[in-house]
Amino acid sequence: MTGPLRIGILGAARIAPMRWWSRRAAWRTTSPSPRSPPAIPARAAAFAKKHGIPRVLPGYDALLADPELDAIFNPLPNSLHCLWTVRALEAGKHVLCEKPFAANAAEAEEMAAAATRTGRVLMEAFHYRHHPLAARMIDIVRSGELGRIRHIETSMCVPMPLPGNIRYSWALAGGATMDTGAYAIHMLRHLAGAEPTVTRAEARLSSPQVDRWMRADFGFGDGSTGRMTCALFSSTLLKISATVTGEDGTLHVFNPVLPQLYHRLTVRSRRGKRVERVPGGTTYGHQLQAFVKSVREGAPVLTSAQDAIANMRVIDAVYRAAGLPPRGTEVTRAAA
């Protein structure tokens, strides 16, 4: 296949423009689709006009049936990721699915099975992981410069006190751990290079079952420990960082999620202290380039469905340890 990758967007989520603005040469989008036509056609039309998208289709099914589209971006509410990703794969479309991949690990496994069955590319949209900074962080940890790793701590706390926002909806599989926590857990797993066991978790709620803040502690098979803290609304207004402490040194990274805005990587070890800035384009641009390469050339998927399953298993375990049910119960499914 040659030429731009033709991507359709399910819905008109606000996050969609952030995903696409930086790589127009690599892709062409069409058809942001209204969620429940004819209730929201005006919003879809306005979204398309604002972002230079040429066509709006009357619904999700029409989008998936469009023979002109090669792939689908799914930025729908968490509770709808599994349903519409599976349908898109079965319609022959490759899928870039917004994080968190699914409402829970069981749904993630269902999505992965559909990708295997259909032979389509399925990627989770953890954009930060495709930036050179993420690779540099992992390289430093693996290099041995820090010595034996003792503790890893990741944080993603952002101010998002938005009443009525889908991130606070139990029915739509919301919660801080599903949103910012998905990043913090993903970073912790990849820096460790191993899957953690949850030893303790504590939540603060915005409504029954829905966390606005979460802290979880972890253990790894080699005896090292981890901690992640995430929030959508807490006394910590903004904290996005990762710290790896070893016997011989420490790595601290400020803003590993959006390094194109600003970031700082600091290493303190027996060699002394140094600060690095890792060059690269936008995280979204790197992610889109990787998605196109996987579709066009069969390149390995860095944020694969199997990786997504592992991340969702940890998210589920954090909720259980905090005394909360994982998302995607019968209540959530009924709302979807």
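Keep in mind the model is a prediction, meaning the values are calculated, not measured.

Further remarks concern the overall build of the protein. Scanning the protein from terminus to terminus reveals 10 helices and 13 strands. Here the protein holds 336 residues, and 56% of them are scored as buried. Intrachain contacts of the protein at a sequence separation of at least 6 include 68% that bridge at least 24 residues. Element-wise, carbon and sulfur atoms account for 54% of the exposed surface of the protein, whose accessible area totals about 14100 Å².

A cluster of nonpolar side chains, namely Phe 254, Leu 261 and Tyr 262, defines an oily patch on the protein surface of about 330 Å² accessible area. According to the relative accessible area criterion, Leu 261 is exposed, its value standing at 66%.

With that out of the way, let us pick up helix α9 (residues 305-321). Helix length check: α9, at 17 residues, gives a terminal C-alpha distance of 24 Å against a target of 24 Å (1.5 Å per residue), a fit within 8%. Of all 17 residues in α9, 12 are buried; the element is thus mostly enclosed. Among the residues of α9, Ala 305, Asp 307, Ala 308, Ile 309, Ala 310, Asn 311, Met 312, Val 314, Ile 315, Asp 316, Val 318 and Tyr 319 are the ones counted as buried. A positive phi of about 80 degrees marks Gly 323, the residue just after α9.

Okay, the environment of Leu 146 next. Following the sequence through the fold, Leu 146 ends up in the loop between α6 (132-143) and β6 (149-157). The class of Leu 146 is buried, set by a relative accessible area of 0%. Distance from Leu 146 to Thr 250, taken between C-alpha atoms, is 6.1 Å for residues 104 residues apart in sequence. When residues no more than four places from it in sequence are discounted, the contact partners of Leu 146 are Ile 140, Val 141, Val 244, Gly 246, Glu 247, Asp 248, Gly 249, Thr 250, Leu 251 and Val 267.

Attention now goes to the environment of Gln 306. Along the chain, Gln 306 turns up in helix α9. Placed 182 residues apart in sequence, Gln 306 and Glu 124 show a C-alpha to C-alpha distance of 9.8 Å.

Low-confidence regions, as indicated by low pLDDT, have predicted coordinates that should not be scrutinised in detail. For the protein, per-residue confidence averages 89 on the pLDDT scale, and 85% of positions sit at 70 or higher. pLDDT under 50 marks residues 20-28. Its contacts with residues more than four places away, or in other chains, come to 28 contacts. Every residue in residues 331-336 is under pLDDT 50, and counting partners more than four places away or in other chains gives 10 contacts.

Strand order in the open sheet formed by eight strands is β7-β8-β9-β6-β10-β11-β12-β13, and the pairing between neighbours is mixed. What marks the edges here is a single partner per strand, and that holds for β7 (197-207) and β13 (272-276). Shown here is a sheet whose adjacent strand axes are inclined to one another by a mean of 10 degrees, direction ignored. Strand direction decides the pairing type here: strand β11 (residues 249-254) and strand β12 (residues 264-269), joined by six bridges, are antiparallel. If you follow Thr 250 over to β12, its bridge partner there is Arg 268. Across the face of the sheet, α9 comes into contact with β7, β8 (210-219) and β9 (225-231) while running at roughly 70 degrees to β7.

Quick look at the packing of aromatic side chains now. Throughout the structure, instances matching the rule amount to five aromatic pairs. Both rings, one in Phe 126 and one in Tyr 183, keep their centres 5.3 Å apart while their planes meet at 75 degrees; by these two values the pair is edge-to-face. Taken together, the positions of Phe 126 in the loop between β5 (122-124) and α6 and Tyr 183 in helix α7 (residues 180-192) put the pair 57 residues apart, joining distant regions of the chain. A relative accessible area of 5% places Tyr 183 in the buried class. The structure contains a cluster of three or more aromatic residues connected by ring pairs, namely Phe 126, Tyr 128 and Tyr 183. Positioned above the aromatic ring of Trp 213 is the side chain of Arg 204, whose terminal nitrogen or guanidinium carbon lies 3.9 Å from the ring centre. Cation over ring: Arg 327 sits above Tyr 319, and NZ or CZ is 4.0 Å from the ring centre.

About the criteria used
Residues numbered from 1 in each chain as written. Predicted model: local features only at pLDDT ≥ 70, side-chain atom pairs only at ≥ 80, totals over all residues. Heavy atoms only, no water. Helix = DSSP H or I, 4+ residues; strand = E, 2+ residues; numbered from the N terminus. Buried < 20%, exposed > 50% of the residue type's maximum accessible area, 1.4 Å probe, protein only. Contact = heavy atoms within 4.5 Å. Areas by Shrake-Rupley, 256 points an atom, 1.4 Å probe, with all protein chains shown as cover. Patch = residues over 30% accessible without salt bridge, like charges linked within 9 Å, V, L, I, M, F, W, Y side chains within 5 Å. Salt bridge = Lys/Arg side-chain N within 4 Å of Asp/Glu carboxyl O. Expected span 1.5 Å × (residues − 1). pLDDT = per-residue confidence, 0-100. Pairing = 2+ DSSP bridges. Axes fitted to C-alpha atoms, helices over the stretch in contact; angles between N-to-C directions. Phe/Tyr/Trp six-rings, centres within 6.5 Å; stacked < 30°, edge-to-face > 60°. Lys NZ or Arg CZ within 6 Å of the ring centre and 35° of its normal.

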